[in-house]
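The chain contents come next:
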Amino acid sequence: MESISRISSLLETARDLTLEAARDAGPRAKSVRPLPAPQIKKLLDSRNERDVLDGLRRVIAMQYANPPQPTLTFFPAVLKTLSNPYPSTRPLVYNYLLHHAELDPDTALLSVNTIQKSLSDSNPRVRAMALKTMAGIRVPVIAQIVSLAIKKGVNDLSPVVRKTAALACVKCVRLDPSSRPQVEEYIATLLGDKQYYVAGAALQAFIEVCPERLDMIHPVYRKLCRMVVDMDEWGQLALLKLMTSYARRCFPQRTKRVKQARMQEQRAHDFYEDLEPKEDDEAEYDEVELVDPDLELYLKSIRSLLQSRNSAVIVAVARAYLYLSPTNYLHHAIGPLIALLRSPQDIQQVALYNIVQVCLLDPTFFVPHIRHFLVRATEGAEIWRLKLELLTLIFPHSSQDVQNLILAELEHFSRSHDAPLVRESVRAIGRCAQSSDPTTSRRCLSLLLKQIHSPDQSLVGEAIEVVRHLMQRSPDEHQKTVIRLAKNLDTLRSPTARASIIWLVGEFAGYDPDNGIAADVLRILVKNYAEEEDEVRAQIVLLAAKVYLHFLNAKNGKKRALDALNSTTSRAEGEENEAGDENQTGDGPSSFEAESGSPHAIEALYQHTMLLARYTPSYDLRDRARLYRALLAVPSSIDLATLLLLAPKPHPQAPSPSETRRGLALGSASLVLGDENVRGYSDIPAWVEEGSEPDAKLRDDGDAGMSQSSTTDGGRSNGSGSAGAMLDKALKADPGYRPNGAVGGKTTKGKSLDDWLDEESESEEDEEESEEETDEEEDDETDESEEEEEESSEEDDDDESEDDENERTGLVRAK
């Protein structure tokens, strides 16, 4: 009967496996037919493992459906399955419990005892799963139970459980902040773990729980540096982030002045000519960076991570090199950063943001890789915008051939049909012009002037805007350019371009008063004032105010000159004649007014322009015109108007678009988003001042602990030493143990069996000799002193021979 039941159970198991295999091999497109809630509960209450597993799968599928379906009603039925000895159902129950523990904490508490029993399971995977689930149940009542479970997991023999305990430390602190001191002790223990993936998880917990407790890092610093290569990517990222901050706070920045190496020609010149001793020039010395040995250990240990398959690890290594040793190690990270440009577009965009950040500090690193930044037709807007910015940053440091290539690329894209690309290309040409030599600037200016006749009005507007900025940098060299631009006002239709040209005409109106074109340009523009845009009208009103202000200044200057001339010639005359001459010269119609007494043409043109502005629909323009009219109407405010309208303008600067992100840390999400208020962002700390750094001996404990843990592990040998050596060490620790040959506190070579036999025979001979000596002393009491001396000498000889023999056999005579 037993054999028949066994065969029937095997057949049933085979049938279940066949059905599951057929179901899994079937088409995935067909969804499982939903069952009503009572039938699902019936499956969960079944004693068959396959039915229970099917019911749990249906509950989890409802939980992750779109939209999610309510599954809280199955909570008691799901918890009952924890009592089943089925290992296949336990992960699904734990998953359900993590999602619903907060919704029904009272019911969730019923599972704590069962989970606690799983913490003592023989399978380490089961123990780790139970610990993870207990830490994930967000019920504050069980905070102390979770802490005890973590303590048990910290001392577990399985590294999988210890890693889970390290990750559970963060959840425990979030559940109960008062448990932080206990959790910090657990993390300190896990940081010293010899398993690299346990130490990596402990580092992640350390950053989340107590990132300021650097005293916990000192003893394990060197061990962690050697472990970083073997850690997983998450552990490596945690270590790179932590150690970058640690190095800034614990290693001061030191530099050394080193004399520059002389060129071969200079050395030959110094050798063949008699040079007088001269004082050392400050320019002949360079500041060389000095790296602390412990910091150098860290920088060398992370260099191999540049070959990582994870792009975040590569960026984190570049961040460490940039902020810790940019002159000695940063060049190693340039190639891996460039290699990230062959990644998908999302990774490529993040890599470009970080490359731009490095390029803002030192663009010379990327000059050999200029061709990787050329724009492709298939790239997105954000990518080609960053590439154009990189080209402008590298442009001043490139050779002439590379500069020609960059300008050709920018000129090509300035003729594109994509308006944003055209605008960015023109701006890039302007940035190249302002950061290069005069020859290249003139070439960039000629490229921009060619775009004036383009049918694309947005291109024309951007080009004129950039030309205006370039001309303001050196106004004396571009007076003829202003005339050339003014000739195009009849054909230009772009409001931005027309406004920029009119502003330039007004700005250059006072450089050559005799050959100025500002008045004629104003006369032509006023004719079509009503047809212009508000942007152009504002510049026309400003031009009229500047032209009239120049007219008033010239009139007042000529008046003051005539007054000075008349005062010197008629000083001998009376005050009345002097006053009459002043009135005659100041009000004469021959200076600035026509003979008929009508106002000057410039004054009439100004009044007409102000009248037109008075009836403009734009209230802002009407207010501006009212301000100009009030300033120029009163002679006492002419100086104020000159200061307001004709003051020299500062040279415009077109900074790189990423200048606003210069202070953000490399490799952070804030750098990509351009916002430093992103949750979790922290600035790079400043270098610690020399003399305030912690003692380097604090990091020596890590090596001692590592050497000790390499020989023993909780009283167990890991194979690094022989059993005989460990036995000798244990015997020496015994206070009652004495090694062979130890006599009188001294240790000699061990004796064999023959030595012990020889020692017994020698002791018998010594007894016989002593008896003979006593007999001779009794018989020869009356002998002469000479015979006594002879006997004493013979005894001395015998003693010496015995001492020699005893030393040979390993014995020492006590004296």
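As the structure is a computational prediction, the values presented were derived from the model and not from experiment. Sequence order as written defines the numbering, with residues in each chain counted from 1. pLDDT decides what is reported in this predicted model: residues at 70 or higher carry local features, side-chain atom pairs at 80 or more are listed and counted, and totals for whole chains, interfaces and linings draw on all residues regardless. Calculated side-chain values reflect all of the structure's heavy atoms, with hydrogen atoms and water omitted.

1. Points about the overall build of the chain
Quick reminder of the rule: The numbering of helices and of strands both runs from the N terminus, where a helix is a DSSP run of H or I of at least 4 residues and a strand a run of E of at least 2. Under the scheme applied here, a residue whose accessible area is under 20% of the maximum for its type counts as buried, over 50% as exposed, and between as partly exposed, the area being computed with a 1.4 Å probe on protein chains only. By definition, residues are in contact when any of their heavy atoms lie within 4.5 Å. Values of accessible area rely on a 1.4 Å probe in the Shrake-Rupley scheme; residue burial ignores everything except the protein chains shown.
When helices and strands are counted, the chain shows 37 helices and six strands. Here the chain holds 815 residues, and the buried ones make up 38% of them. Relative to all contacts within the chain whose residues are 6 or more apart in sequence, the contacts with residues 24 or more apart total 68%. Working note: accessible area of the chain is about 48000 Å², and carbon and sulfur atoms make up 51% of it.

2. Quick word on the pattern of salt bridges
Where we set the bar: Any carboxyl oxygen of Asp or Glu within 4 Å of a side-chain nitrogen of Lys or Arg constitutes a salt bridge here.
All chains considered together, the criterion is met by 29 salt bridges. Measuring nitrogen to oxygen at the nearest pair gives 2.8 Å for the salt bridge that ties Glu 532 to Arg 498. With Glu 532 in the loop between α27 (518-527) and α28 (534-569) and Arg 498 in helix α26 (residues 495-507), this pair connects stretches of sequence that are 34 residues apart. Of the two residues examined, Glu 532 and Arg 498, each falls in the buried class. One salt-bridge network, held together by shared partners, links Arg 222, Asp 294, Arg 699 and Asp 700.

3. Describing the side chain of Asp 292
Filter applied, for reference: In protein, a polar contact requires one atom able to donate a hydrogen and another able to accept it; more generally it is a pair of N or O atoms within 3.5 Å, and residues adjacent in sequence count only if both atoms are side-chain atoms.
Considering the arrangement of structural elements, one finds Asp 292 in the loop between β2 (285-290) and α16 (293-301). From its side chain, Asp 292 meets the backbone nitrogen of Asp 294 in a polar contact 3.0 Å long. Ignoring sequence-local partners within four residues, the contact set of Asp 292 consists of Phe 251 and Arg 254.

4. Things to note about the packing of aromatic side chains
Under the convention used in this document: The criterion for an aromatic pair is that two Phe, Tyr or Trp rings (for Trp, the six-membered ring) have centres within 6.5 Å, with stacked assigned to planes under 30 degrees apart, edge-to-face to planes over 60 apart and tilted to the rest.
For the structure on display, the rule yields nine aromatic pairs. For the ring pair Tyr 246 and Phe 251, a centre distance of 6.1 Å and an interplane angle of 75 degrees mean the geometry is edge-to-face. For the pair Tyr 246 and Phe 251, one class covers both residues: buried. Plain terms: the ring middles of Tyr 548 and Phe 551 are 6.0 Å apart, the flat faces sit at 25 degrees to each other, and that makes the pair stacked.

5. A short note on unusual backbone geometry
The omega torsion across Asn 66 and Pro 67 is 0 degrees, close enough to zero to call that bond cis. The topology assignment puts Pro 67 in the loop between α3 (49-63) and α4 (75-80).

6. What about the side chain of Thr 133?
Within the secondary structure, Thr 133 sits in helix α8 (residues 124-136). Classification of Thr 133 as buried rests on a relative accessible area of 2%. At 2.8 Å, the side chain of Thr 133 forms a polar contact with the backbone oxygen of Met 129. If near-sequence neighbours (up to four positions away) are discounted, Thr 133 is found in contact with Tyr 94, Leu 97, Leu 98 and Ile 115.

7. Concerning the packing of helix α25 (residues 479-486) against α26
Stated formally: All axes here are fitted lines through C-alpha atoms, helices being fitted over the stretch that makes contact, and every angle between N-to-C directions spans 0 to 180 degrees. We call two directions roughly parallel when the angle between them is under 35 degrees, roughly antiparallel when it is over 145, roughly perpendicular when it lies between 65 and 115, and oblique otherwise. For any helix crossing, the convention is left-handed if the near helix is rotated counterclockwise from the far helix by under a right angle, and right-handed if that rotation is clockwise. Amino acids are sorted into nonpolar (Ala, Val, Leu, Ile, Met, Phe, Trp, Tyr, Cys and Pro), charged (Asp, Glu, Lys and Arg) and polar (every other residue, Gly among them).
In contact at an axis separation of 10 Å, α25 and α26 are set at 140 degrees when each is read in the N-to-C sense. It follows from the interaxial angle that α25 and α26 lie oblique. In the crossing of α25 with α26, the sense of the turn from one axis to the other is left-handed. Here Val 482, Leu 485 and Ala 486 of α25 lie close against α26, whose contacting residues are Ile 501, Leu 504 and Val 505. A class-by-class count of the residues in the contact of α25 with α26 yields six nonpolar, no polar and no charged.

8. Observations regarding the state of the cysteines
Note the following rule: Disulfide assignment relies on a single distance test, namely cysteine sulfur atoms paired within 2.5 Å.
Applying the stated criterion across every chain, the model contains zero disulfides. Between Cys 444, a cysteine without a disulfide, and Cys 432, which holds the nearest cysteine sulfur, the sulfur-to-sulfur distance is 5.9 Å.

9. Considering the confidence of the model for the chain
Low-pLDDT portions of the prediction should not be read for the details of their coordinates. Here is the rule we go by: By definition, pLDDT measures how confident the predictor is in each residue, and it falls between 0 and 100.
Overall, the predicted model of the chain reaches an average pLDDT of 79, with 74% of residues at or above 70. Of the regions scoring below 50 in pLDDT, residues 702-723 engages in 16 contacts with residues more than four places distant in sequence or in other chains. Under a pLDDT of 50 for its full length, residues 781-789 has, in the predicted model, one contact with residues more than four places off or in other chains.

10. Here's the deal with the nonpolar core
For clarity, the cut-off: Here, nonpolar core means buried Ala, Val, Leu, Ile, Met, Phe, Trp, Tyr and Cys residues that are tied together by side-chain atoms lying within 4.5 Å of each other.
Ile 150 and Tyr 298 are the most contacted members of the largest nonpolar core, which has 202 residues in total. If you tally residues by element for this core, the top one is α28, at twelve residues. Excluding anything up to four places from it in sequence, Ile 150 contacts Leu 131, Ala 165, Ala 168, Cys 169, Cys 172 and Tyr 186.

11. A short note on α3
Test applied: Multiply 1.5 Å by the residue count of a helix minus one, and that product is the helix's expected span.
With 15 residues, α3 should reach 21 Å at 1.5 Å per residue; the first-to-last C-alpha distance of 21 Å fits that figure. Buried-residue contacts for α3 involve α2 (37-44), α4 and α5 (90-100). Capping the start of α3 is the job of one residue whose side-chain oxygen sits 3.2 Å from the backbone nitrogen of Arg 50: Asn 48.

12. Quick notes on the packing of helix α11 (residues 180-191) against helix α12 (residues 196-209)
Between two packed helices, both the angle of their axes relative to each other and the distance between the axes serve to describe the pair. Orientation of α11 relative to α12, taken along the N-to-C sense of each, is 150 degrees, at an axis distance of 9 Å. With respect to α12, the axis of α11 lies roughly antiparallel. You can see that α11 and α12 cross each other, and the crossing is left-handed. Contacts from Arg 180, Val 183, Glu 184, Ile 187, Leu 190 and Leu 191 in α11 reach Val 198, Ala 199, Ala 202, Leu 203, Ala 205, Phe 206 and Val 209 in α12. Residue classes in the contact of α11 with α12 are distributed as eleven nonpolar, no polar and two charged.

13. Notes on the environment of Met 610
Along the chain, Met 610 falls in helix α30 (residues 601-614). The class for Met 610 is buried, based on a relative accessible area of 1%. When the C-alpha positions of Met 610 and Arg 626 are compared, they lie 8.1 Å apart, and in sequence the two are 16 residues distant. Ignoring anything within four residues of it in the chain, the contact list for Met 610 reads Val 541, Ala 544, Ala 625, Tyr 628 and Arg 629.

14. Digging into α5
What counts here: To obtain the arc, one takes the directions from the helix axis to the C-beta atoms.
When we look at burial in α5, the residues that qualify are Arg 90, Val 93, Tyr 94, Tyr 96, Leu 97 and His 100. For α5, the arc enclosing every buried residue in end-on projection is 165 degrees, short of the 170-degree limit, so these residues lie on one face. Looking at the buried residues of α5, the elements they touch are α3, α4, α6 (105-108), α7 (112-118) and α8.

15. Here's the deal with the environment of Thr 107
With respect to the helices and strands, the residue Thr 107 is situated in helix α6. Thr 107 sits 31 residues away from Pro 76 along the chain, and the two C-alpha atoms are 7.2 Å apart. Those residues within four positions of Thr 107 in sequence are excluded, and the remaining contacts are Phe 75 and Leu 79.

16. Looking at the environment of Val 141
Looking at where Val 141 falls in the secondary structure, it is placed in the loop between α8 and α9 (143-154). Each C-alpha atom, one on Val 141 and one on Asp 176, is 9.1 Å from the other, the two residues being 35 residues apart in sequence.

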